[in-house]
Amino acid sequence: MNGDTIWYLILPIALILLVVVIAVFLWSVKSNQFEDLDRHGNNILFDDDQDAHRRAQRKDDDDKSA
């Protein structure tokens, strides 16, 4: 393949990859994958057996149900 004909292979592959990425992103948004980004990141800071951690978890759950 020379320099001109390689574009006939690269462009469709790039477009297909772009469509797949957009589809995966839309699926993740529709299935609420980005719902609560802070809670799981902060879980590593607390031990599960501490009262403060349990209270914080209940407070987060109560705030979401209201």
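No experiment lies behind these values; they were computed from the predicted model shown. (Residues numbered from 1 in each chain as written. Predicted model: local features only at pLDDT ≥ 70, side-chain atom pairs only at ≥ 80, totals over all residues. Heavy atoms only, no water.)

Participant: Please explain the overall build of the chain as it appears in this structure.
Facilitator: Scanning the chain for helices and strands turns up three helices and zero strands. Secondary structure elements of the chain occur, N-terminal to C-terminal, as α-α-α. Relative to its 66 residues, the chain shows a buried fraction of 5%. Of the roughly 6100 Å² of accessible surface on the chain, 63% is carried by carbon and sulfur atoms. (Helix = DSSP H or I, 4+ residues; strand = E, 2+ residues; numbered from the N terminus. Buried < 20%, exposed > 50% of the residue type's maximum accessible area, 1.4 Å probe, protein only. Areas by Shrake-Rupley, 256 points an atom, 1.4 Å probe, with all protein chains shown as cover.)

Participant: Where do I start with the side chain of Ser 28 in this structure?
Facilitator: Counting through the fold element by element, Ser 28 comes out in helix H1 (residues 7-30). Assessed through its relative accessible area of 9%, Ser 28 is described here as buried. Contact partners of Ser 28, with chain neighbours within four places excluded, come to Gln 33 and Phe 34. (Contact = heavy atoms within 4.5 Å.)

Participant: Would you mind showing me how to read a nonpolar patch on the surface here?
Facilitator: A contiguous nonpolar patch, built from Leu 15, Leu 18, Ile 22, Phe 25, Leu 26, Val 29 and Phe 34 and spanning about 670 Å² of accessible area, is present on the exposed surface. Locating Ile 22 in the fold gives a position in helix H1. (Patch = residues over 30% accessible without salt bridge, like charges linked within 9 Å, V, L, I, M, F, W, Y side chains within 5 Å. Salt bridge = Lys/Arg side-chain N within 4 Å of Asp/Glu carboxyl O.)

Participant: When you look at unusual backbone geometry in this model, what are you seeing that I'm missing?
Facilitator: What you tend to see is this: most non-glycine residues have negative phi, and most peptide bonds are trans. Backbone geometry at Asn 32 places phi at a positive 60 degrees, although glycine is not the residue there. Examined against the element boundaries, Asn 32 turns out to sit in the loop between H1 and helix H2 (37-42).

Participant: Before we go on, may I ask you to explain H1 in this structure?
Facilitator: At 3.6 residues per turn, the α-helix brings residues three or four places apart onto the same side. Relative to the 34 Å expected for 24 residues at 1.5 Å per residue, H1 spans 34 Å between its end C-alpha atoms, a close match to the ideal helical length. Positive phi shows up at Asn 32, right after H1, with a value of about 60 degrees. (Expected span 1.5 Å × (residues − 1).)

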